[in-house]
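# Survey of secondary and tertiary structure
Chain by chain, the residues run as shown.
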Amino acid sequence: MSDCMQDRNFDDLAVQFSNRIYSGTKGRIRLALLERDLDECLGDAFVAGSTPLRVLDAGGGEGQFARSLARRGHKLTLCDHSQVMIENARQAAERDNLAGDFHFLPCSIQSLPDPDPLFDLVLCHAVLEWVSDWQGVVTKLITQMAPGAVLSLMFYNQHSTVFRSLVRGYFDRIKQDKLAGSGQGLTPLYPLLPEQVLAFMADQGMEVLCQSGIRVFHDYMHKDIRERRSEQDIIALEKQFSRVEPYRSLGRYYHILARTTS
């Protein structure tokens with residue numbers, strides 16, 4: 001999922017990433033809200049059975065969300081800097097009888113070749129917070145997009161990092177402005193402010209279609225309480241409050257859908 005040699009590579013954390021992110025409620029909330037946003041913003045173009053979209057999943061890891069798009073009939077190109085992640089994604093696609101819908105590129109986002117034709121939909125989920133030059137990554141992604149194409153960006157939200165540190169009493173982190181992870185685990189290196197990402201996308205001439213917080217309350221719940229509540233109810237309420245302020249701005253991740261205007 002990392003995107004250049006000096007940024008984080010997940011070869012050593014592939015199993016931990018899969019187990020912690022996608023094997024439980026956290027991952028299912030993420031997938032449910034991403035699908036909801038794309039369903040609502042893309043409409044018929046996202047529905048299985050319509051004309052297949054050409055989709056780039058940039059830094060796509062093991063392809064969990066990409067496979068859900070392939071099941072809808074779309075054609076996926078998945079790139080990742082991690083050889084382990086790419087191989088895991090390839091094996092998962094084969095296991096799900098989806099290999100014919102995938103093209104795998106073991107490369108960083110920065111080194112992506114010019115596509116022909118350009119992509120209709122570009123996904124970049126949980127990548128920007130791991131790279132030192134996120135603006136460069138977004139700029140590169142835009143060059144991969146056809147006129148009128150949609151970009152789906154999901155990134156680790158700095159507002160949530162601050163709030164979670166405050167409620168847990170990690171005051172020194174706030175006073176010393178130590179919000180980044182160490183690079184040894186799954187805490188992102190570069191949490192981002194949504195307003196900065198939105199301003200940058202506006203500067204690139206992108207039209208914002210949707211903004212959602214992802215896991216706006218789940219991660220703040222006490223573990224014992226989470227275990228007593230139904231996952232179905234949690235996901236339903238996450239959807240309900242994901243676009244409502246102030247909850248949206250406290251989501252652990254922030255999701256933006258934007259369209260190219262030229």
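Residues numbered from 1 in each chain as written. Predicted model: local features only at pLDDT ≥ 70, side-chain atom pairs only at ≥ 80, totals over all residues. Heavy atoms only, no water.

### Quick look at the state of the cysteines
One pass over the full model with this rule turns up zero disulfides. Cysteine Cys210 is unpaired, with the sulfur of Cys41 as its nearest cysteine sulfur at 4.3 Å. Of the residues examined, Cys210 reaches a relative accessible area of 6% and is grouped as buried. (Disulfide = S-S within 2.5 Å. Buried < 20%, exposed > 50% of the residue type's maximum accessible area, 1.4 Å probe, protein only.)

### Digging into the environment of Leu166
For Leu166, the position within the fold is in helix H6 (residues 158–167). Contacts of Leu166, omitting those with residues within four sequence positions, involve Phe171 and Ile174. (Helix = DSSP H or I, 4+ residues; strand = E, 2+ residues; numbered from the N terminus. Contact = heavy atoms within 4.5 Å.)

### Here's the deal with the packing of helix H2 (residues 25–42) against helix H10 (residues 231–241)
Two elements in contact, H2 and H10, have axes separated by 10 Å at closest approach and are oriented at 40°. Between H2 and H10, the interaxial angle falls into the category oblique. The handedness of the crossing between H2 and H10 is right-handed. Contacts between H2 and H10 involve Thr25, Arg28, Ile29, Ala32, Leu33 and Arg36 from the former and Glu231, Ile234, Ile235, Glu238 and Lys239 from the latter. (Axes fitted to C-alpha atoms, helices over the stretch in contact; angles between N-to-C directions. Parallel < 35°, antiparallel > 145°, perpendicular 65-115°, else oblique. Left-handed = near helix turned anticlockwise from the far one by under 90°.)

### Overview of the confidence of the model for the protein chain
In this model, the protein chain carries a mean pLDDT of 90, and residues with pLDDT of at least 70 account for 88%. The low-confidence segment residues 1–6, where pLDDT is below 50, has 28 contacts with residues more than four positions distant or belonging to other chains. (pLDDT = per-residue confidence, 0-100.)

### Quick look at the pattern of salt bridges
Summed over all chains, the structure comprises 13 salt bridges. Notably, a salt bridge pairs Lys75 with Asp101, separated by 2.6 Å at the nearest N-O pair. Of the two residues, Lys75 sits in strand E2 (residues 75–79) while Asp101 sits in the loop between helix H4 (83–95) and strand E3 (102–105), which places them 26 residues apart along the sequence. A relative accessible area of 41% places Lys75 in the partly exposed class. Counted as one network, the salt bridges with shared partners bring together Arg36, Asp37, Glu40 and Arg243. (Salt bridge = Lys/Arg side-chain N within 4 Å of Asp/Glu carboxyl O.)

### Structural notes on H4
With 13 residues, H4 should cover 18 Å at 1.5 Å per step; its first-to-last C-alpha distance of 18 Å lies within 8% of that length. Every buried residue belonging to H4 is among Met85, Ile86, Ala89, Ala92 and Ala93, and all of these are buried. Mapping the buried residues of H4 onto a view down its axis gives an arc of 130°, with all of them on the same face. Exposed positions of H4 whose direction lies more than 90 degrees from the buried face are Gln83 and Arg95. Phi for Asn97, located one or two positions after H4, is positive at around 60°. (Expected span 1.5 Å × (residues − 1). Arc of directions from axis to C-beta.)

### Thoughts on the side chain of Thr77
As for its placement among the helices and strands, Thr77 is situated in strand E2. Residue class for Thr77 comes out buried when judged on its relative accessible area of 11%. Beyond its immediate chain neighbours, meaning those up to four positions away, Thr77 contacts Val55, Leu56, Asp57, His103, Leu105 and Phe119.

### Topic: the packing of aromatic side chains
In this structure the tally under the stated criterion is six aromatic pairs. Relative to Tyr253, the ring of Tyr156 has its centre 5.3 Å away and its plane inclined at 70°; by these criteria the two rings are edge-to-face. In this pair, Tyr156 sits in strand E5 (residues 145–156) while Tyr253 sits in strand E7 (residues 253–260), placing the two residues 97 residues apart along the sequence. Of the two residues, Tyr156 and Tyr253, neither departs from the other in class, the shared state being buried. A cation over a ring is seen here: Arg30 above Tyr253, with NZ or CZ 4.8 Å from the ring centre. (Phe/Tyr/Trp six-rings, centres within 6.5 Å; stacked < 30°, edge-to-face > 60°. Lys NZ or Arg CZ within 6 Å of the ring centre and 35° of its normal.)

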